[in-house]
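Chain by chain, the residues run as shown.
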Amino acid sequence: MNGRHRGKDGVLVRLSLGALLSVALVAVAAAASFVLPPLVQPASSERHAGKVIWADLVTPDLAAAKRFYGALFGWSFNDIHTGASDYSVALLDGRPVGGLYQHTLRSGEQRQPAWLTFISVRDVADAEHSILAHGGKLLAPPRLYAERGRQAVFADPQGAVFAVLQSSSGDPEDVLAAPGEWIWSSVLTRDPDQDAAFYQNVFGYEVFEMPGEDGAMHIVLSSEDVARASLNTLPAGGAAKRHPHWLNFVRVTSATDTITRVASLGGRVLVQPFRDRHGGLVAVVADPAGAPFGLLEWTDADSKDTAK
Amino acid sequence: MKILMNRRSRRALILAWLAALAGCVAGGGYGGGASVGYDVGFYEPYGYDYGGWGPGYGVGLPRRGYDRGGRPDDRAGRADGHAAPHPAYRPASASRPMPSLPSRSRGR
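About the thresholds
- Residues numbered from 1 in each chain as written.
- Chains lettered and ligands numbered in written order.
- Predicted model: local features only at pLDDT ≥ 70, side-chain atom pairs only at ≥ 80, totals over all residues.
- Heavy atoms only, no water.
- Pairing = 2+ DSSP bridges.
- Helix = DSSP H or I, 4+ residues; strand = E, 2+ residues; numbered from the N terminus.
- Axes fitted to C-alpha atoms, helices over the stretch in contact; angles between N-to-C directions.
- Buried < 20%, exposed > 50% of the residue type's maximum accessible area, 1.4 Å probe, protein only.
- Contact = heavy atoms within 4.5 Å.
- Domains from an automatic or database assignment.
- Buried area = accessible area lost by both parts, 1.4 Å probe.
- Salt bridge = Lys/Arg side-chain N within 4 Å of Asp/Glu carboxyl O.
- Polar contact = N/O pair within 3.5 Å; in protein donor to acceptor, adjacent residues only side chain to side chain.
- Parallel < 35°, antiparallel > 145°, perpendicular 65-115°, else oblique.
- Left-handed = near helix turned anticlockwise from the far one by under 90°.
- Nonpolar A, V, L, I, M, F, W, Y, C, P; charged D, E, K, R; others polar.
- Core = buried A, V, L, I, M, F, W, Y, C linked by side-chain atoms within 4.5 Å.

*Asks:* Which residues make up the sheet that holds strand E9 (residues 161-167) of chain A, and what are the values?
*Replies:* Each strand in a sheet pairs with another by means of backbone hydrogen bonds, the pair being arranged parallel or else antiparallel. All names here are of chain A. The strand order across the open sheet formed by eight strands is E2-E3-E4-E1-E6-E9-E8-E7, and the pairing between neighbours is mixed. The sheet is open, and its two edges are formed by strand E2 (76-82) and strand E7 (137-145), each paired on a single side. For this sheet, the mean angle separating the axes of adjacent strands, direction not counted, is 25°. Relative to E9, strand E6 (residues 114-120) runs parallel, the two sharing three bridges. Among the inter-strand pairings, Phe 118 is bridged to a residue of E9, identified as Ala 163.

*Asks:* So, the environment of Leu 57 of chain A: which residues are in play, and what are the values?
*Replies:* Residue and element names in this part refer to chain A. With respect to the helices, strands and loops of the structure, Leu 57 is situated in strand E1 (residues 52-59). Accessibility expressed as a relative area gives 0% for Leu 57, which makes it buried. The spacing of Leu 57 and Leu 91 is 34 residues in sequence and 14 Å in space, taken between C-alpha atoms. When near neighbours in sequence (up to four residues on either side) are disregarded, Leu 57 contacts Ala 65, Tyr 69, Gly 99, Leu 100, Tyr 101, Ala 114, Trp 115, Asp 287 and Ala 291.

*Asks:* Go over the sheet that holds strand E15 (residues 268-275) of chain A, please, and point to the residues and values.
*Replies:* Residues and elements named next belong to chain A. Spatially, the eight strands line up as an open sheet ordered E11-E12-E13-E10-E14-E17-E16-E15, and their pairing is mixed. The sheet is open, and its two edges are formed by strand E11 (206-210) and E15, each paired on a single side. Here the strands of the sheet are splayed against their neighbours by 25° on average, with no regard to which way each runs. Inspection of the sheet shows strand E14 (residues 245-252) paired to strand E17 (residues 292-297) by four bridges, in the parallel sense. Across the sheet, the residue bridging to Arg 251 is Leu 296, located in E17. Where helix H4 (residues 192-203) meets the sheet, it contacts strand E10 (182-189), E11, strand E12 (218-223), strand E13 (226-233) and E14, and its direction lies at approximately 150° from that of E13.

*Asks:* So what about the domain arrangement of chain A? Which residues, and what values?
*Replies:* All names here are of chain A. Each domain of chain A was delimited in the assignment, giving domain 1 (22-167) and domain 2 (182-307). Inter-centroid distance (C-alpha atoms) of domain 1 to domain 2 is 21 Å. Facing the 37 residues of domain 1 at the interface are 37 residues of domain 2. Sorting the residues of domain 1 by area buried against domain 2 places Phe 68, Leu 72 and Gln 158 first, and these three jointly supply 23% of that buried surface. Linking domain 1 to domain 2 there are zero salt bridges. Here domain 1 and domain 2 share nine residue pairs in polar contact (both at pLDDT 80 or more) between them. Among the elements of the structure, E1, helix H2 (62-73), E6, helix H3 (124-133) and E9 are those that each provide at least two residues to the side of domain 1 that touches domain 2.

*Asks:* Give me the pattern of salt bridges: which residues, what numbers.
*Replies:* All names here are of chain A. One pass over the full model with this rule turns up 12 salt bridges over all chains. The residue Arg 148 makes a salt bridge to Asp 56 at a minimum N-O spacing of 3.4 Å. In this pair, Arg 148 sits in the loop between E7 and strand E8 (149-155) while Asp 56 sits in strand E1, placing the two residues 92 residues apart along the sequence. Owing to a relative accessible area of 1%, Arg 148 belongs among the buried residues under this scheme. Through salt bridges that share partners, Lys 51, Asp 174, Glu 224 and Arg 228 make up one connected network.

*Asks:* How would you summarise the packing of H2 of chain A against helix H5 (residues 255-264) of chain A if you had to cite specific residues and measurements?
*Replies:* Residue and element names in this part refer to chain A. Two elements in contact, H2 and H5, have axes whose closest approach is 10 Å; the angle formed by their N-to-C orientations is 150°. By the angle between their directions, the pair H2 and H5 is classed as roughly antiparallel. In terms of crossing hand, the pair formed by H2 and H5 is right-handed. Contact residues: H2 offers Phe 68, Ala 71, Leu 72 and Phe 73, while H5 offers Thr 258, Arg 261 and Val 262. When grouped by side-chain class, the residues that make up the contact of H2 with H5 number five nonpolar, one polar and one charged.

*Asks:* Outline the nonpolar core, listing residues and values.
*Replies:* A general tendency of soluble globular proteins is for nonpolar side chains to be buried together. All names here are of chain A. The biggest cluster of nonpolar side chains holds 27 residues, and the ones touching the most others in it are Tyr 69, Phe 73, Trp 75, Leu 100, Trp 115, Phe 293 and Leu 295. Secondary-structure elements contributing two or more residues to this core are E1, H2, strand E3 (85-92), strand E4 (95-102), E14, H5, strand E16 (281-286) and E17. Examining the composition of this core, we find that six residues originate from one element, H2, more than from any other. In contact with Leu 100, not counting residues within four places along its chain, are Asp 56, Leu 57, Leu 62, Ala 65, Lys 66, Tyr 69, Phe 77, Asp 86, Tyr 87, Ser 88, Ala 90 and Trp 115.

Dropping the structure here:
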């Protein structure tokens, strides 16, 4: 009787040990070996602190997202599957333009898929210290990803989520984005004045306020004489559903044509094209999972010096 | 002998639990999701509402060469009608031209 019990106990103990060690090994291996490709190849010594240098989409359906963005912008994809993580690097003409990350939504969970904006920093630890000192909140602690660099995720004092990245391969050069690449970023926030102070203190931006026809605040953040992002008052009305967030814009040659394709590919048009202050059209759309992004028409001539 | 076996088993089980715990911690993640391997696996609060956008709601930037009119910053036209004389940020000097996007294309 005692012998039988000891035998059963032994089997149970061995099974438990095996299961536990398997879980531990799989988790450790997955965490340790997640390698993201470098932003810049070949590596450069360029560093543009304050520049938006990357964007990651968090989506519940990676395959659908790849179909949508591939058909819309001509992006191709390099898949990275490690342990429990499915990630895909989006490429345009062989250049990395962003990442797509599969993250399962629990049944009944209402959360918002979104593009996460990455801002270049010289040192993530210094940035973390400054962000927390100026009222930001840490969401994902600094972590080093082999080849890509060190990154961390934060929320600004108004709640808009962004990431900082200390790229291991240097930053992408400061050139005009090609059609199909990210060209512009905006922070839609309740208090652009306070948020501008936050981003200025953390990233050292110069701050320019634009006159607004609509009575809202429009602030441009710049570094190295290059405009990096705008801060805008969230439009009035329906405030309950409006939380501060970053919104990134892809350069397009025709916003009107692009929204037609968005709709045919299963996306939605959130803001119909309208003329922005540079004379080109701007629109806001969402991919099939609901992640919003902007479209911005910009011609090469818009960047030429036309000083009066 | 029985006591010895139990101690060994207990020790082994405790070590295994600790190893499993370490593995989970290494996986990390925010928002309680299964983000083992990559730390951006979380979603924003649900629901964006883009009503209220339209002509006049400029999110973009001016073309290069935009004339700032010599103002350090323009605080007219605020939604609340009260131009705050001292913004929370340090406005760019009046002599600074409004920045725009790079004019150089890739490879040129």
